[in-house]
Amino acid sequence: MGKIAIITGVSREKGLGYETAKQLKELGFIVIIAARNFDKVSDLAKQLNVMAKQLDVTSDNSVNNLAKEIETEFGKLDALVNNAGAFFDQGGGPLSTDLQFVKDAFDTNLLGAWRMIKAFHKLLEKSDSPRIVNVSNGAASFGDPVFGLAHHFSKVPVYGITKLALNGLTVKVATQLKESKSKIKINSVDPDFTATYPGTEQWGARPVSEGAKGIVWAATLPQDGPTVEFFRDGQTLSW
Ligand SMILES: NC(=O)c1ccc[n+]([C@@H]2O[C@H](COP(=O)([O-])OP(=O)(O)OC[C@H]3O[C@@H](n4cnc5c(N)ncnc54)[C@H](OP(=O)(O)O)[C@@H]3O)[C@@H](O)[C@H]2O)c1
């Protein structure tokens, strides 16, 4: 059987998930794209000639049901791309933000990936070269000189903190995997500022095909490739 990849949060043709699916399909993967809205993800899957599944990463049932389906259909998973993410702050700072917004942001951006990893790690262990990619952001990096967490220009505190926590998940899952001598490699990847929404090019966002390359690279790392790192374009980014 070929290699199987699941990408979460694929509901838009302009999104990083769609482009990641396209590139993994070109590399020969059997690709499963998943999103909350089944009609949307089905249409996109037809365009790419890949499989579509309904998935809400904030729902334990939805995540666990998908894991059961994949176990029945394929019996393994080779690459899990935790791409679903949202909750970009709309102004304001941590002192004035609505804490329900913060809870919802964590439920998707952190717990969404956490649920997926918990539900799928046993299927990943059935692969010869299992990979997990947590799609993060430079806004979570203490070292990023432009978008970084500590930079005064950073205007997305809630989003940045959720991605910081996602990076923490990468590190702590890797620690447990190492203890159990797992083959799974897990990394956080920042696709960099990418033009997934109209008008962002004028602010310097790069083409989606460029942004997705680093995600695909981390999903297809060779056996001697790195684990538990934070990357942008295959280069180490400061946590
Ligand atoms: N674009 C950038 O410059 C950039 C930079 C760094 C990192 N990122 C990260 O890259 C990832 C993709 O972003 P994008 O720019 O391609 O935007 P996007 O198309 O809006 O992607 C986000 C996806 O997450 C999905 N999603 C949200 N909540 C979900 C849930 N509960 N269950 C399942 N899916 C859910 C959205 O689906 P719905 O349509 O259902 O809401 C959407 O398909 C995100 O994690 C983002 O934080 C983006």
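Since we're looking at a predicted model, the values are computed, not measured.

Thoughts on the environment of Ile186
Now for step 1: Within the secondary structure layout, Ile186 lies in strand 6 (residues 185-189).
Now for step 2: Once the C-alpha coordinates of Ile186 and Asn83 are considered, the two residues, 103 residues apart in sequence, prove to be 14 Å apart.
Now for step 3: With near-sequence residues (within four places) excluded, Ile186 lies in contact with Ile117, Ile132, Asn134, Thr170, Val173, Ala174, Leu177, Thr227, Val228 and Glu229.

Topic: the environment of Ala140
Now for step 1: Counting through the fold element by element, Ala140 comes out in the loop between strand 5 (131-135) and helix 6 (157-179).
Now for step 2: Using a relative accessible area of 0% as the deciding quantity, one classes Ala140 as buried.
Now for step 3: Separated by 64 residues in the primary sequence, Ala140 and Lys76 have C-alpha atoms spaced 31 Å apart.
Now for step 4: Not counting residues within four places of it along the chain, the set of residues in contact with Ala140 comprises Leu149, Gly160, Lys163, Leu164, Asn167 and Trp239.

Some thoughts on the nonpolar core
Now for step 1: Judged by nonpolar contacts, the single largest core of 30 residues is most densely connected at Ile70, Leu77, Leu80, Met116 and Phe120.
Now for step 2: Sorting the residues of this core by element identifies strand 1 (4-8), strand 2 (30-35), helix 3 (60-73), helix 5 (111-124) and helix 6 as the ones contributing at least two each.
Now for step 3: Ranked by the residues each element gives to this core, the list is headed by helix 5, at seven residues.
Now for step 4: What Leu77 contacts, discounting residues up to four positions off in sequence, is Ile4, Ala5, Ile6, Phe120, Leu123, Leu124 and Ser127.
Now for step 5: Residues Ala21, Ala35, Leu48 and Val133 belong to the second largest nonpolar core, which totals 29 residues.

Some remarks on the pattern of salt bridges
Now for step 1: All chains considered together, the criterion is met by 10 salt bridges.
Now for step 2: Note that Lys53 and Glu69 form a salt bridge whose closest N and O atoms lie 2.7 Å from each other. Note that Lys53 is positioned in strand 3 (residues 51-54) and Glu69 in helix 3, a separation of 16 residues in sequence.
Now for step 3: Residue classification places Lys53 among the buried residues on the basis of a relative accessible area of 10%.
Now for step 4: Looking at Glu69, the relative accessible area reads 36%, which means it is partly exposed.
Now for step 5: Its salt-bridge partner being Arg232, residue Asp144 comes within 2.5 Å of it at the nearest N-O pair.

Calculation rules
Note that residues are indexed from 1 along each chain, following the sequence as it is written. Two thresholds apply to this predicted model, a pLDDT of at least 70 for residue-level local features and 80 or more for giving and counting side-chain atom pairs, whereas whole-chain, interface and lining totals are computed over all residues. With hydrogens and water set aside, each side-chain value is computed from the structure's full complement of heavy atoms. By the criteria applied, helices consist of DSSP H or I runs no shorter than four residues and strands consist of E runs no shorter than two, each listed in order from the N terminus. The contact definition used throughout considers only heavy atoms, calling two residues in contact when any of these lie within 4.5 Å. Burial classes follow relative accessibility: with a 1.4 Å probe on protein chains only, a residue under 20% of its type's maximum area counts as buried, one over 50% as exposed, and anything between as partly exposed. We call a set of buried Ala, Val, Leu, Ile, Met, Phe, Trp, Tyr and Cys residues a nonpolar core when their side-chain atoms join them within 4.5 Å. Here a salt bridge means any side-chain nitrogen of Lys or Arg lying within 4 Å of a carboxyl oxygen belonging to Asp or Glu.

None of this, on its own, says anything about what the molecule does.
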